[in-house]
Amino acid sequence: QRQMCIETALISGFIAKESVVSTLEVLLGGTAIASLFTTRSAVSFLVFTLLYTPCVAAVATIRRELDSTLKTALVVLMQCAVAWVVAFAAYTLGGLLDGALDYLLLALIALAALLALRFVRKSRKNGRCSGDCAHCGGTCHRKE
């Protein structure tokens, strides 16, 4: 039954990624999500959820841009394959670092947060305005 909960949550994630956790919560009926995963399997599940096929709206956009149902299906399959391989690698690496996995995970989260802050600060500093106000109607100018 636990396997079915995870599969159902991933299918609901195809509609909207943010629904994965809420679907797990509803299906488990009050049982803690923590009881469903070990640290290794939780990291692997999170990596897979992050990388597998995007939501339906994104797939529809890919379909429109590529103008091919076959190419779109191949992109979705490729994303799922990459997600599986990386999640498998994360699970395997977690086995090698069994005792240190919690600390490694915290360090990676901190590193990701620092990189995100750096990116946000850099994009604000450089701005993204091309100077062509006909393009955006002047809405991209910041008040300084």
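Please refer to the structure placed before this passage.
Chemist: Teacher, can you tell me more about the packing of helix α1 (residues 2–15) against helix α2 (residues 19–28) here?
Modeler: Between α1 and α2, the least distance of the axes is 8 Å, while the angle of their chain directions is 145°. Of the two possible hands of crossing, α1 and α2 adopt the one that is right-handed. From α1, Cys5, Ile6, Thr8, Ala9, Ser12 and Gly13 reach across to α2, where they touch Ser19, Val20, Thr23, Leu24, Leu27 and Leu28. Partitioning the contact of α1 with α2 into residue classes produces 7 nonpolar, 5 polar and no charged.

Chemist: What exactly am I supposed to notice about the packing of aromatic side chains here?
Modeler: What the rule picks out here adds up to 3 aromatic pairs. For the pair Phe48 and Tyr52, a centre-to-centre distance of 5.2 Å together with 10° between the ring planes defines the contact as stacked. Pair check on accessibility: Phe48 and Tyr52 agree, each one buried. Considering the side-chain rings of Trp84 and Phe88, the 5.5 Å spacing of their centres and the 5° angle between planes classify their relative orientation as stacked.

Chemist: Looking at this structure, I do not really get the side chain of Ser68. What am I missing?
Modeler: Within the element layout of this structure, Ser68 appears in the loop between α4 (56–66) and α5 (69–96). At a separation of 3.4 Å, a polar atom in the side chain of Ser68 contacts the main-chain amide nitrogen of Leu70.

Chemist: When you look at a nonpolar patch on the surface in this model, what are you seeing that I'm missing?
Modeler: There is a patch of nonpolar side chains on the surface, built from Leu50, Leu51, Met78, Val82, Trp84, Val85, Val86 and Phe88 and spanning about 790 Å² of accessible area. Secondary-structure elements contributing two or more residues to the nonpolar patch are α3 (39–51) and α5. The biggest single contributor to the nonpolar patch is α5, with 6 residues. If you trace the backbone, Leu50 turns up in helix α3. A relative accessible area of 68% means that Leu50 is categorised as exposed.

Thresholds, definitions, all that
Residues numbered from 1 in each chain as written. Predicted model: local features only at pLDDT ≥ 70, side-chain atom pairs only at ≥ 80, totals over all residues. Heavy atoms only, no water. Axes fitted to C-alpha atoms, helices over the stretch in contact; angles between N-to-C directions. Helix = DSSP H or I, 4+ residues; strand = E, 2+ residues; numbered from the N terminus. Left-handed = near helix turned anticlockwise from the far one by under 90°. Contact = heavy atoms within 4.5 Å. Nonpolar A, V, L, I, M, F, W, Y, C, P; charged D, E, K, R; others polar. Phe/Tyr/Trp six-rings, centres within 6.5 Å; stacked < 30°, edge-to-face > 60°. Buried < 20%, exposed > 50% of the residue type's maximum accessible area, 1.4 Å probe, protein only. Polar contact = N/O pair within 3.5 Å; in protein donor to acceptor, adjacent residues only side chain to side chain. Patch = residues over 30% accessible without salt bridge, like charges linked within 9 Å, V, L, I, M, F, W, Y side chains within 5 Å. Areas by Shrake-Rupley, 256 points an atom, 1.4 Å probe, with all protein chains shown as cover. Salt bridge = Lys/Arg side-chain N within 4 Å of Asp/Glu carboxyl O.

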